[in-house]
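Remarks on the overall topology
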Amino acid sequence: MSDHTVLRVKGRVLVGPEEVRDELWVAGGRITYERPAGAREVRTVEGWALPGLVDAHCHVGLDHHGAVDAATSEKQAIGDRDAGTLLIRDAGSPADTRWTDEREDLPKIIRAGRHIARTRRYIRNFAHEIEPDDLVAYVAQEARRGDGWVKLVGDWIDREAGDLTACWPRGAVEAAIAEAHRLGARVTAHCFAEDSLRDLVEAGIDCVEHATGLTEDTIPLFAERGVAIVPTLVNIATFPKLAAGGASKFPRWSDHMNRLYERRYDTVGAAYEAGVRVFVGTDAGGSLPHGLVAAEVAELVKAGIPPLEALSATTWGARGWLGRPGLEEGAPADLVVYDEDPRADVRVLAAPRRIVLNGRLVA
């Protein structure tokens, strides 16, 4: 498709959960709902169009060993793109992926800087590993490096305790989150267990990743404070394997991980029913492959979230939460076209027909 070609998307354009139009046009990389004047070369794509999908917990530039090179990062980003993910919130990476911003054929990335963890309390080579007295300084550093987000590791296995425990004292997270907010950044945290959640939420955190430790005591607090969760259920599916691997050395931790896994759907469903905002994230890039966004949407439905709300969690709602446009007039033309209505069956998301990124057909 040349720079002079106008793209027409015809069929059903899902501008919002209830707003459906018959067609849109793409000219100069932007969306318009009026036929561009003087359009001569027109290419038509037919189907059901959605805003480019969002993976709100993804790691480009990272694998289970740590940072990866640019060629591997590119392959990861293309894997996400070809699955329909055109907007990524990169929830922590030691790699510098700023070069992808110059590539119009790769998904747009909102970065949270590098993970900030307690010393020897996270995966090796992933995070800045520090002590509480340094937390404010490192949060300020990553707030300036990121794109409006900072990522903490809220809990991890404590080898002396033999189980998951909170990583930070209450005063340290209060000061760190206040500093991030002063600098205009939102804060999220990796949390598997129960112990760290109340302190983080009452300290003003904006989001919690995984959130498997939510209980009937903390779910209302999340709803009251407007704290979102990104459950990453496709990642939580790995808990039994992890638990089995550590059962002999850390039996308490292993049992705990299995309990968190067993109640995962009930936890997410209860959070949604209480009014907690839930968004789609896959946790790709650590140990999981990229391109799992459709599987995660299906997992949210299995947890009891209505299909239209699960769809919004990776489209309209997710883009609004991250401050990025969808299919509005004049917005960048980032959209995915399907053969069938994804509102009727979210499994349709696994088979995109056409992908348009920055106004160009890329897949």
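Scroll up for the structure.
Every value quoted in this text rests on a predicted model; they were computed, and no experiment measured them. (Residues numbered from 1 in each chain as written. Predicted model: local features only at pLDDT ≥ 70, side-chain atom pairs only at ≥ 80, totals over all residues. Heavy atoms only, no water.)

**Side note on the overall build of the protein chain**
Short version of the rule: Helix and strand definitions follow DSSP, with helices as H or I runs of at least four residues and strands as E runs of at least two, each counted in order from the N terminus. Using C-alpha atoms as the atom set, the radius of gyration is obtained and then compared with a globule rule of 2.2 Å times the number of residues to the power 0.38. With a 1.4 Å probe rolled over the protein chains alone, any residue whose accessible area is under 20% of its type maximum counts as buried; one over 50% counts as exposed, and the rest are partly exposed. The contact definition used throughout considers only heavy atoms, calling two residues in contact when any of these lie within 4.5 Å. Surface accessibility follows the Shrake-Rupley procedure with a 1.4 Å probe radius. Residue values consider only the protein chains on display as shielding.
A tally of helices and strands in the protein chain yields twelve helices and 20 strands. Compactness check: the protein chain gives a C-alpha radius of gyration of 21 Å against a globular reference of 21 Å for 363 residues, within 12% of the reference. Principal axes of the C-alpha set define a box for the protein chain whose edges measure 70 × 40 × 35 Å. Counting all 363 residues of the protein chain, 55% fall into the buried class. Taking contacts inside the protein chain between residues at least 6 apart in sequence as the whole, the part at least 24 apart equals 65%. About 14,900 Å² of surface is accessible on the protein chain, with carbon and sulfur atoms providing 46% of the total.

**Examining the pairing of strand β16 (residues 207–210)**
We apply this condition: The pairing criterion for strands is at least two bridges between them, as found by DSSP. When the strands point away from the viewer, a crossover counts as right-handed if the path from the first strand over the helix to the second runs clockwise.
Relative to β16, strand β15 (residues 186–191) runs parallel, the two sharing four bridges. When the bridges of β16 are listed, Ala189 appears paired with Val208. Between β15 and its parallel partner β16, the chain crosses via helix α4 (residues 197–202), and the hand of that crossover is right-handed. Bridge analysis of β16 against strand β17 (residues 228–230) gives three bridges, and the strand direction is parallel. Note on β17: the bridge partner recorded for Glu209 is Val230. Between the parallel elements β16 and β17, the chain passes through helix α5 (residues 219–225) in a crossover that is right-handed.

**Focus on the pairing of strand β12 (residues 149–153)**
Within β12, five of the five residues are buried, leaving the element largely enclosed by the surrounding structure. Alternating residues of β12 divide into Trp149, Lys151 and Val153 and Val150 and Leu152, and every residue in both groups is buried. Bridging between β12 and β15 involves five bridges; their strand directions are parallel. Bridge pairing in β15 links Trp149 to Arg186.

**Quick look at the nonpolar core**
Going by this rule: We call a set of buried Ala, Val, Leu, Ile, Met, Phe, Trp, Tyr and Cys residues a nonpolar core when their side-chain atoms join them within 4.5 Å.
In this structure, Leu135, Ile205, Phe222 and Leu300 are the most contacted members of the largest nonpolar core, which totals 79 residues. Sorting elements by how many residues they give to this core places helix α3 (residues 170–182) first, with five residues.

**Description of the side chain of Asp283**
To keep things clear, this is the line we draw: The positive count covers Lys and Arg only, the negative count covers Asp and Glu only, and His and the chain ends enter neither. Salt bridge, as applied in this entry: a Lys or Arg side-chain nitrogen positioned within 4 Å of an Asp or Glu carboxyl oxygen. Residues adjacent in sequence count toward polar contacts only when both atoms are side-chain atoms; beyond that, a polar contact is any pair of N or O atoms within 3.5 Å, and within protein one must be able to donate a hydrogen and the other to accept it.
With respect to the secondary-structure elements, Asp283 resides in the loop between α9 (264–273) and α10 (293–302). Buried Asp283, no salt bridge; nearest opposite-charge side chain is Lys151, N-O distance 6.2 Å. Polar contacts involving the side chain of Asp283 include one to the side chain of His59, which spans 3.0 Å. If near-sequence neighbours (up to four positions away) are discounted, Asp283 is found in contact with His57, His59, His210, Thr232, Asn235 and Leu288.

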